[in-house]
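# Chain and residue survey
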Number of protein chains: 2
Amino acid sequence: MKTIIVDIYGADAGPVPVIRGALRALELAPDFVLHFVGDRTLVEQEMAAMGADATRVTVSHTTDAITNFDRPTCVFNGRDESSMVMSLLALKNDPDAIGMLSAGNTGALLVGSIVRLGLLADIKSPALCSAIPVCDGKLVALVDCGANMDCRPRELARFALMGDAFMKSRCEMEAPRVGLLSVGREEGKGNRLTLDTYALLKDLPMNFIGNIEGNDVVNDVADVIVTDGFAGNILLKNVEAVGKTALAAIEELLPTADAAQREVLEKLHARLSAAYDFNPRGGATFLGTAKTVVKMHGCATEDTAYSCIDQLLLLERTGFSTRVKEALTYC
Amino acid sequence: MKTIIVDIYGADAGPVPVIRGALRALELAPDFVLHFVGDRTLVEQEMAAMGADATRVTVSHTTDAITNFDRPTCVFNGRDESSMVMSLLALKNDPDAIGMLSAGNTGALLVGSIVRLGLLADIKSPALCSAIPVCDGKLVALVDCGANMDCRPRELARFALMGDAFMKSRCEMEAPRVGLLSVGREEGKGNRLTLDTYALLKDLPMNFIGNIEGNDVVNDVADVIVTDGFAGNILLKNVEAVGKTALAAIEELLPTADAAQREVLEKLHARLSAAYDFNPRGGATFLGTAKTVVKMHGCATEDTAYSCIDQLLLLERTGFSTRVKEALTYC
């Protein structure tokens, strides 16, 4: 039976919400099981509390959690008993395992996915792909949003191919619009990296729409935004921060608002939260790993774990892993 | 008498708002004159309409305007009769001229400032500095926000020194907090450029606070944000675009709102506009030019021209040009 590996450690709120969200996700489909890696007693306690189907859960016991104070390279040789390394090895070695989720140290998870899990052919380092909600519930995939700092044009071209495959599976799109993040729409605008990448993207089998700009990110111009991990990370954090200043301004008005004003402010708050308070809901997908790894944000809640499992099931159903391997043959 | 040069062409709304805003700015101080470059009849018409003091205005007549369809390099050799080139030459050659403003083609203005006006010692290309409003009316200076795509560490270090000088003059601060835009607060986080720049900034005589992240831009962590023109441009456009989606969401609720709801929504709208609809109000200052050039946004209004002249007067009063020359001796 297909298996999803759950590293229970790493979330700011501790392992319980991760366990509960994952157990609740068993309702999503009957044909998969969960393999938790972490404190067995804790998992069994939550299973009992939720009346979970014990035939659909296995646990590999450990209490060693890699934290944000650990150096990412600690997983290189060692920390074999950590929940993160055990999860990566289970994902690699269990032929039924289709993916894993973890809220742990991003750097360690990246290093671990390279040295413990393994990468697809010719990939040097995975890219982080975040699906950002833009207008009307649509998602835009930002690749790379923080893993690769200094990139070459061919790496960006491969991010584009993998992002394209991701959106075809994740949002069941036929021809995602792939845009290259730059400083102007014209082909001649950009830095050396984007100018050289543009030349490569033009010849790849995808719906390349050319350059897009910083304001296009939230304007539903592209479905996939290709950039290096430096600019992508700055952009991702900025979108959320600017959105949150708007939410904070609304919250400040609430205490002095009357009932009718409260109603309209709450409506607005809900709408803007859906757009900009996205980290607790989703996870970043590693692109280029031998099997799918979803990194939940540190502020992961029960809903995060639930929706990340939903995403792993969707990616499996829509043939993401075959698609991404095929995509990488083009460049 | 000190003179401010006004290139009347380049704004989307045509030259009239620029002329009117500049004429109105004569009220700001008695001790300066305006030197308009553009259609004499038009300027005289607006002067008559506004009852402007003719002893404080001169005009160099031309009707040749460089547009956004012109290649930036057109000002290299030629277009000597364009308002932009004439303005740059007037700024250079008139010893009383303290600065100029233009809403024209940014690329042409950059090229023109290099080949027609001239740069400070050892500067290869000016940096664009935008003062972005953050919380409670405070400003943060973003350098470079779009002029220099591929930078070296020493260039970024010089952006930092010039940005520091700018904020000391522009906001009359003693020790602006200078932050380096990167992907994490720790010294070891970043790309090759920021890692090498960090090492330089540590030793410069300024209040260097280390790395800042994409979310810090709007969180009043730094007064000067140092980055290359690629990341800076993406960030600047993104801040405004995300802010505008919040404004658009408010505007959508207005038609169905009752009087009390309207009141609170309008209050919120005004507050967020002040933070995020900043382009029409301000201009980007060129850093590294022999004299101060302020580039107004294409959507410049009467208020833009007025406030840009206010800024030029402030920079002159607070000794910006001496300060920036001194700053550049440190690196």
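Going along each chain's sequence as written, the residues are numbered from 1 onward. Chains carry letters from A onward and ligands carry numbers from 1 onward, assigned in written order. The model is predicted, so local features are restricted to residues of pLDDT at least 70 and side-chain atom pairs to those at 80 or more, both for listing and for counting; the totals for chains, interfaces and linings are taken over all residues. Think of the side-chain values as coming from all heavy atoms in the structure, minus any hydrogens and water.

Moving on to the sheet that holds strand 3 (residues 57–61) of chain B. All names here are of chain B. Strands were regarded as paired on the criterion that DSSP finds at least two bridges between them. Helix and strand assignments follow DSSP, with helices taken as H or I runs no shorter than four residues and strands as E runs no shorter than two, numbered in order from the N terminus. Strand order in the open sheet made by the 11 strands is 3-2-1-4-11-10-5-6-9-7-8, with mixed pairing throughout. Each edge of the sheet is formed by a strand with only one pairing partner; in this case those strands are strand 3 and strand 8 (207–212). Averaged over all pairs of adjacent strands, the angle between strand axes in this sheet comes to 25°, irrespective of strand direction. Where strand 10 (residues 283–287) meets strand 11 (residues 292–296), 3 bridges bridge the pair, whose relative direction is antiparallel. When the sheet's bridge partners are listed, Gly 283 is paired in strand 11 with Met 296. We call two residues in contact when some of their heavy atoms are within 4.5 Å. Note on method: axes are straight lines fitted to C-alpha atoms, helices fitted across the in-contact stretch only, with angles between N-to-C directions ranging 0 to 180 degrees. With respect to the sheet, helix 6 (residues 192–201) is in contact with strand 7 (177–181) and strand 8, its orientation differing from that of strand 7 by roughly 160°. Seen against the sheet, helix 7 (residues 229–253) touches strand 5 (127–133), strand 6 (139–143) and strand 7 and runs at an angle of roughly 145° to strand 6.

Before going further, it helps to spend a moment on the relation of the copies chain A and chain B. All copies are superposed by least squares; the fitting set is the C-alpha atoms of residues with a pLDDT of at least 70 in both. Between chain A and chain B, the superposition needs a rotation of 180° and an axial shift of 0.0 Å, giving an RMSD of 0.0 Å. Here the symmetry operator amounts to a two-fold rotation axis. Taking C-alpha positions as reference, the residue of chain A nearest the rotation axis is Gln261(A), located at 2.3 Å. Most of the interface of chain A is mirrored in chain B, where 100% of its interface residues again form contacts.

Further remarks concern the confidence of the model for chain A. Known as pLDDT, the predictor's per-residue confidence is scaled from 0 to 100. In this model, chain A carries a mean pLDDT of 94, and residues with pLDDT of at least 70 account for 98%. In the predicted complex, the global pTM is 0.93; the interface-specific ipTM is 0.92.

It is worth spelling out the side chain of Arg158(B) at this point. All names here are of chain B. Residue placement: Arg 158 occurs in helix 5 (residues 153–170). Relative accessible area decides the class of each residue, using a 1.4 Å probe on protein chains only: under 20% of the type maximum gives buried, over 50% gives exposed, and in between gives partly exposed. For the charge count, each Lys or Arg is scored as positive and each Asp or Glu as negative, with His and the chain ends excluded. Each salt bridge in this description consists of a side-chain nitrogen of Lys or Arg and a carboxyl oxygen of Asp or Glu lying within 4 Å of one another. Within the buried core, Arg 158 has no salt-bridge partner, and the shortest N-O distance to an opposite charge, that of Asp 122, equals 4.1 Å. Beyond its immediate stretch of four places on either side in the chain, Arg 158 contacts Ala 121, Asp 122, Ile 123, Leu 328 and Cys 331.

Each partner contributes to the interface: chain A provides 43 residues, whereas chain B provides 43 residues. For the pair chain A and chain B, the two sides together bury roughly 3800 Å², of which 68% comes from carbon and sulfur. Our count for the contact surface shared by chain A and chain B stands at 6 salt bridges. Between Lys237(B) and Glu213(A) there is a salt bridge, with the nearest N and O atoms lying 2.4 Å from each other. For this analysis, a polar contact is any N or O atom pair within 3.5 Å, provided that within protein one partner can donate a hydrogen and the other can accept it, and provided that sequence-adjacent residues contribute only side-chain to side-chain pairs. Our enumeration of links across chain A and chain B arrives at 14 residue pairs in polar contact (both at pLDDT 80 or more). Elements supplying a minimum of two residues to the side of chain A that touches chain B: helix 6 (192–201), helix 7 (229–253) and helix 8 (259–276) of chain A. Broken down by element, the side of chain A that touches chain B gets its largest block of residues, 18 residues, from helix 7 of chain A. Each residue receives one of three labels: charged for Asp, Glu, Lys and Arg, nonpolar for Ala, Val, Leu, Ile, Met, Phe, Trp, Tyr, Cys and Pro, and polar for the others, Gly being one of them. Among the residues making up the side of chain A that touches chain B, the classes are represented as 22 nonpolar, 12 polar and 9 charged. Joining two parts hides part of their accessible area as seen by a 1.4 Å probe, and the buried area is that hidden amount summed over both.

With that settled, the discussion passes to the pattern of salt bridges. Inspection of every chain in the model, using the stated rule, returns 44 salt bridges over all chains. Residues Lys244(B) and Glu240(B) are paired through a salt bridge, measuring 3.4 Å at the closest nitrogen-oxygen approach. Taken together, the residues span about one helical turn, with Lys244(B) and Glu240(B) both in helix 7 at a distance of 4 residues. Assessed through its relative accessible area of 38%, Lys244(B) is described here as partly exposed. Linked by salt bridges that have partners in common, Arg20(A), Arg24(A), Glu46(A), Glu302(A) and Asp303(A) make up one network.

Residue and element names in this part refer to chain B. Taken together, the buried positions of helix 10 (residues 320–327) are occupied by Phe 320, Val 324 and Ala 327. Across the axial projection of helix 10, the buried residues extend over an arc of 60°, all falling on one side. Structurally, helix 10 contributes buried residues whose contacts are with helix 5, strand 10, strand 11 and helix 9 (302–317). Directions pointing from the helix axis toward each C-beta atom define the arc.

Turning next to the packing of aromatic side chains. Between 30 and 60 degrees the pair is tilted, below 30 it is stacked and above 60 it is edge-to-face, where a pair is any two Phe, Tyr or Trp rings, Trp via its six-membered ring, whose centres lie within 6.5 Å. In the structure shown here, the tally under the stated rule is 4 aromatic pairs over all chains. Summarising the aromatic geometry, the rings of Tyr198(A) and Phe208(A) are spaced 5.1 Å apart at their centres and angled 75° between planes, so their arrangement reads as edge-to-face. A residue pair is termed long-range when its members are at least 10 positions apart, and Tyr198(A) in helix 6 and Phe208(A) in strand 8 (residues 207–212) qualify at 10 residues. Like Phe208(A), Tyr198(A) is buried. Here, a charge over a ring is recorded when the distance from Lys NZ or Arg CZ to the ring centre is within 6 Å and its angle to the ring normal is within 35 degrees. The ring centre of Tyr306(B) lies 4.6 Å from the NZ or CZ of Arg24(B), which sits over that ring.

What follows covers helix 3 (residues 83–93) of chain B. All names here are of chain B. Burial runs high along helix 3: 8 of the 11 residues are buried. Among all positions of helix 3, only Ser 83, Met 84, Val 85, Met 86, Ser 87, Leu 88, Ala 90 and Leu 91 are buried. Close packing links the buried residues of helix 3 with strand 1 (2–7), strand 2 (32–38), strand 3, strand 4 (97–102), helix 4 (106–117) and strand 11.

As a further point, take the packing of helix 8 of chain A against helix 7 of chain B. Close contact between helix 8 of chain A and helix 7 of chain B brings their axes to 11 Å; oriented N to C, the two are set at 145°. Considering how the two elements wind past one another, helix 8 of chain A and helix 7 of chain B form a crossing that is right-handed. Of the residues in helix 7 of chain B, those in contact with Val264(A), Lys267(A), Leu268(A), Arg271(A), Leu272(A) and Tyr276(A) of helix 8 of chain A are Val242(B), Thr245(B), Ala246(B), Ala249(B), Ile250(B), Glu252(B) and Leu253(B). Class assignment for the residues of the contact of helix 8 of chain A with helix 7 of chain B results in 9 nonpolar, 1 polar and 3 charged. Crossing chirality is assigned from the near helix's rotation relative to the far helix, an anticlockwise turn below a right angle marking it left-handed and a clockwise turn marking it right-handed.

So, on to the pairing of strand 3 (residues 57–61) of chain A. Residue and element names in this part refer to chain A. Two strands pair when backbone bridges link them, and strand 2 (residues 32–38) and strand 3 are joined in this way by 5 bridges, in the parallel orientation. By the bridge assignment for strand 3, Phe 36 is matched with Val 59. Remark: the strand 2/helix 2 (residues 40–50)/strand 3 crossover connection has right-handed handedness. If the strands point away from the viewer and the path from the first strand over the helix to the second runs clockwise, then the crossover is right-handed.

In this section: the nonpolar core. Counting residues in each nonpolar core, the largest one holds 112 residues, and the members touching the most others are Leu265(A), Leu268(A), Leu272(A), Leu265(B), Leu268(B) and Leu272(B). Leaving out residues up to four positions away in the same chain, Leu272(A) has contacts with Ala246(A), Leu247(A), Ile250(A), Asp277(A), Ala246(B) and Ala249(B). What is meant by a nonpolar core is a set of buried Ala, Val, Leu, Ile, Met, Phe, Trp, Tyr and Cys residues, joined one to another through side-chain atoms within 4.5 Å.

Residues and elements named next belong to chain A. Strand order in this open sheet of 11 strands is 3-2-1-4-11-10-5-6-9-7-8, and the pairing throughout is mixed. Each having just a single partner strand, strand 3 and strand 8 make up the two edges of the open sheet. Neighbour-to-neighbour, the strand axes of the sheet open up by a mean angle of 25°, direction not taken into account. As paired strands, strand 7 (residues 177–181) and strand 9 (residues 224–226) are joined by 3 bridges and run parallel to one another. Bridged to Val 178 within strand 9 is Val 224. The strands that helix 5 (residues 153–170) touches are strand 5 (127–133), strand 6 (139–143), strand 7, strand 9 and strand 10 (283–287); relative to strand 6, the one it contacts most, it runs at about 155°.

A few words now on the environment of Arg185(A). Residue and element names in this part refer to chain A. Relative to the assigned elements, Arg 185 resides in the loop between strand 7 and helix 6. Taking the C-alpha atoms as reference points, Arg 185 and Glu 213, separated by 28 residues in sequence, lie 6.7 Å from one another. Ignoring sequence-local partners within four residues, the contact set of Arg 185 consists of Asn 211, Ile 212, Glu 213, Asp 216 and Val 221. Of note is the side chain of Arg 185, whose polar atom sits 3.0 Å from the side chain of Asp 216.

Next up on the list: the side chain of Asn238(A). When you line up the elements, Asn238(A) lands in helix 7. Once residues lying within four places of it in the same chain are set aside, the contact partners of Asn238(A) are Gly214(B), Asn215(B), Val217(B), Leu235(B), Asn238(B) and Val239(B).

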